[in-house]
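# Coordinates in review
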Amino acid sequence: MNRQAIVTISTVAVFLIAACALTLVGHKAQAHCQVPCGIYDDPARLTGLREDATTIAKAIDNINKLAGAHDANAFNQATRWVATKEDHASNIITTVAEYFLTQKVKPIAPGADGYDAYLKSLADHHAVMVAAMKTKQASDPATVTALNDAIDALAAHYK
């Protein structure tokens, strides 16, 4: 390989690394690490779930307000609200799966003491994920009510 090809490849590599770094600027990680560090902040995670649900509610409200408009700006804004709703619902699902289920819920064998409470806990975690998914599928405020109810039931496990 000649020197010019090496310089070109090196330049492209630096450009790609810089581009990747720029896309990460201003973004923060949403999930807790998956190292068994023992550093948990359940109230903060629950607050985050509630903030996401509030954002979803606002998005649904705005989508419904914009639904009758046919101008380009309304279409643009509605599209952005749909994307926001999707992002926050996905964040809820990720937080429940990657923080609560994988790090906080410990398996209990069938028949062992606490097994029924374990099954209830699993069901409550699953209910939040399903409710978040349903907010993605609809623009009905009732889906957010169901999501908030599911988050409240989940929060009872972390008092």
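The model shown is predicted, which means the values in this text are computed figures rather than measured ones.

Further remarks concern helix α5 (residues 141–155). With 15 residues, α5 extends 21 Å between its outermost C-alpha atoms, agreeing within 8% with the 21 Å of an ideal straight helix rising 1.5 Å per residue. Within α5, burial applies to Thr-143, Val-144, Leu-147, Ala-150, Ile-151, Leu-154 and Ala-155. Looking straight down α5, one finds its buried side chains confined to an arc of 140°; they lie on one side. In this structure, the buried side of α5 is in contact with α2 (42–66), α3 (72–104) and α4 (115–137). Measuring from the side-chain oxygen of the N-cap residue of α5 to the backbone nitrogen of Ala-142 gives 2.9 Å; that N-cap residue is Asp-140.

Next up on the list: the side chain of Asp-124. Mapping Asp-124 onto the fold places it in helix α4. For Asp-124, a relative accessible area of 9% puts it in the buried group. A polar side-chain atom of Asp-124 sits 2.6 Å from a polar atom in the side chain of His-157. Among residues more than four places away in sequence, those in contact with Asp-124 are Ala-153, Leu-154 and His-157.

Next up on the list: the packing of aromatic side chains. Per the stated rule, a full pass over the model turns up four aromatic pairs. With a centroid separation of 6.0 Å and an interplanar angle of 70°, the aromatic rings of Tyr-40 and Tyr-99 are classed as edge-to-face. Pair noted here: Tyr-40 is in the loop between α1 (3–24) and α2 and Tyr-99 is in helix α3, with a separation of 59 residues, a long-range link. For Tyr-40, a relative accessible area of 30% corresponds to the partly exposed category. Judged by its relative accessible area of 1%, Tyr-99 falls in the buried class. For the ring pair Phe-100 and Tyr-158, a centre distance of 4.8 Å and an interplane angle of 50° mean the geometry is tilted. Pair noted here: Phe-100 is in helix α3 and Tyr-158 is in the segment after α5, with a separation of 58 residues, a long-range link. Each member of the pair Phe-100 and Tyr-158 is classed as buried. Taken together through their ring pairs, the aromatic side chains of Tyr-40, Tyr-99, Phe-100 and Tyr-158 make up a single cluster. It is Arg-45 that lies over the ring of Tyr-99; its NZ or CZ is 4.7 Å from the centre.

What counts, and at which threshold
- Residues numbered from 1 in each chain as written.
- Predicted model: local features only at pLDDT ≥ 70, side-chain atom pairs only at ≥ 80, totals over all residues.
- Heavy atoms only, no water.
- Helix = DSSP H or I, 4+ residues; strand = E, 2+ residues; numbered from the N terminus.
- Expected span 1.5 Å × (residues − 1).
- Buried < 20%, exposed > 50% of the residue type's maximum accessible area, 1.4 Å probe, protein only.
- Arc of directions from axis to C-beta.
- Contact = heavy atoms within 4.5 Å.
- Polar contact = N/O pair within 3.5 Å; in protein donor to acceptor, adjacent residues only side chain to side chain.
- Phe/Tyr/Trp six-rings, centres within 6.5 Å; stacked < 30°, edge-to-face > 60°.
- Lys NZ or Arg CZ within 6 Å of the ring centre and 35° of its normal.

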